[in-house]
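Geometric and topological summary
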Amino acid sequence: MPLRQPRPSAPVVVCALLLAAGCTTVGGSADQAGPGRELSAAELRAAAVADADLGPGYTVTVMTPGHGETGSGGAREVSDLPACQPLLDAVAPAAPPGAASASPGPGAPYAETDLGVARAADPQGGVYGGLLGYRTGRAAQLQAELEKLFGPCASFTSTAPPPVDKARKGVRTRHRLSRDDTPTPGGADAVTGFTLTNESGSVVLSQRAVLVRVGPALAVFSTVGVGAEPATAPDERIVRQQVAKLRAAQAKR
């Protein structure tokens with residue numbers, strides 16, 4: 001699920017989608033407004049949360065999909081265990097959940113909008129968001145597939161190509177995956193929360209993500225933590241407001 005990675009204030013790549021040891025709430029709520037309709041690329045972008053939706057102190061920056069602080073995410077991180085690749089894709093802007101390795105396939109999103117949200121009261125707590133539009137049924141399928149990975153992908157490794165010198169060997173990274181207890185926001189169909197660590201260096205980097213399914217769309221929110229300051233849960237206000245905007249847009253005819 002392009003489950004993806006946050007870039008607003010993070011020094012590493014963290015997103016799109018991609019999901020929870022505790023008790024993650026997965027499922028619909030009684031006040032759902034139906035399956036919703038597929039949004040066009042323009043409608044999906046218009047449905048992205050904005051400063052005015054969040055209130056004073058929040059700043060939203062819309063980014064070109066697949067780009068972050070360091071530019072285009074061309075060097076895709078590849079899992080040494082193929083089954084775990086969707087988790088990396090879910091938190092990396094370079095490849096959204098369900099995306100093909102080189103060119104978009106039928107399972108890839110037909111539209112994507114990426115954004116970063118900064119909060120004046122918490123300058124280090126930037127949240128990366130990815131809105132992914134899928135054809136009917138595909139979003140639910142991707143989320144279900146990701147839910148099956150928490151057991152086999154509790155610990156795995158990946159390889160990332162060197163950023164500049166292509167002649168050098170790729171960088172190996174060890175990852176640990178854990179579920180996070182994440183309640184389903186009102187108006188959402190399902191939610192998956194998880195934390196993925198990067199243990200390749202002397203300091204552990206953590207990426208915490210929340211993937212919310214709203215009709216045929218997936219909204220992925222993620223944050224980054226370093227060392228003794230692990231990643232915090234994405235700001236609930238951002239998640240709630242984004243779900244509400246997506247649901248409202250899908251309900252329009």
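Located above this text is the structure these notes cover.
Definitions and cut-offs
Going along each chain's sequence as written, the residues are numbered from 1 onward. Per-residue local features are limited, in this predicted model, to residues with pLDDT of at least 70; the limit for side-chain atom pairs, both in listing and counting, is 80 or more; totals at the level of whole chains, interfaces and linings are taken over all residues. Based on all heavy atoms of the structure, the side-chain values leave hydrogens and waters out of the count. Disulfides are defined in this document as cysteine sulfur pairs within 2.5 Å. Numbering of helices and strands starts at the N terminus; helices are DSSP runs of H or I of at least 4 residues and strands are runs of E of at least 2. Exposure is judged per residue with a 1.4 Å probe applied to protein chains only, and the accessible area is read against the type maximum: over 50% gives exposed, under 20% gives buried, and values in between give partly exposed. Following DSSP output, two strands are said to pair if at least two bridges run between them. Any two residues whose heavy atoms approach within 4.5 Å at even a single point are treated as in contact. Only the contacting stretch of a helix is used when fitting its axis, a line to C-alpha atoms as for every element, and angles between N-to-C directions run 0 to 180 degrees. Residues grouped as a nonpolar core are buried Ala, Val, Leu, Ile, Met, Phe, Trp, Tyr and Cys residues, joined through side-chain atoms within 4.5 Å.

Inspection of the entire model under this criterion finds one disulfide. With a sulfur-sulfur separation of 2.0 Å, C84 is cross-linked through a disulfide to C153. The S-S bond linking C84 to C153 shows a torsion near -100°; that makes this disulfide left-handed. Of this pair, C84 sits in the loop between strand 4 (78-79) and helix 3 (85-90) while C153 is found in the loop between helix 4 (138-147) and strand 7 (155-160), placing the two residues 69 residues apart along the sequence. By relative accessible area, which is 0% here, C84 ends up buried. Classification of C153 as buried rests on a relative accessible area of 0%.

Here we have nine strands laid out as an open sheet, ordered 1-5-6-11-10-9-8-7-4, and antiparallel in their pairing. Pairing within the sheet leaves two strands with one partner each, and these edge strands are strand 1 (58-63) and strand 4. Bridge analysis of strand 6 (residues 122-133) against strand 11 (residues 217-226) gives six bridges, and the strand direction is antiparallel. Within strand 11, the residue paired with G133 across the bridge is A217. Set on the sheet, helix 5 (residues 236-251) makes contact with strand 1, strand 5 (111-119), strand 6, strand 10 (205-214) and strand 11; between it and strand 10 the angle comes to about 30°.

Right, let's talk about the nonpolar core for a bit. Formed by 25 residues in total, the largest nonpolar core has its most connected members in L54, V117, V212, F221, I238 and L246. Elements that contribute at least two residues to this core include exactly strand 1, strand 5, strand 6, strand 10, strand 11 and helix 5. Here this core takes five residues from helix 5, the largest share from any one element. Grouped together as the second largest cluster of nonpolar side chains are 20 residues, L87, Y134, A139 and A209 included.

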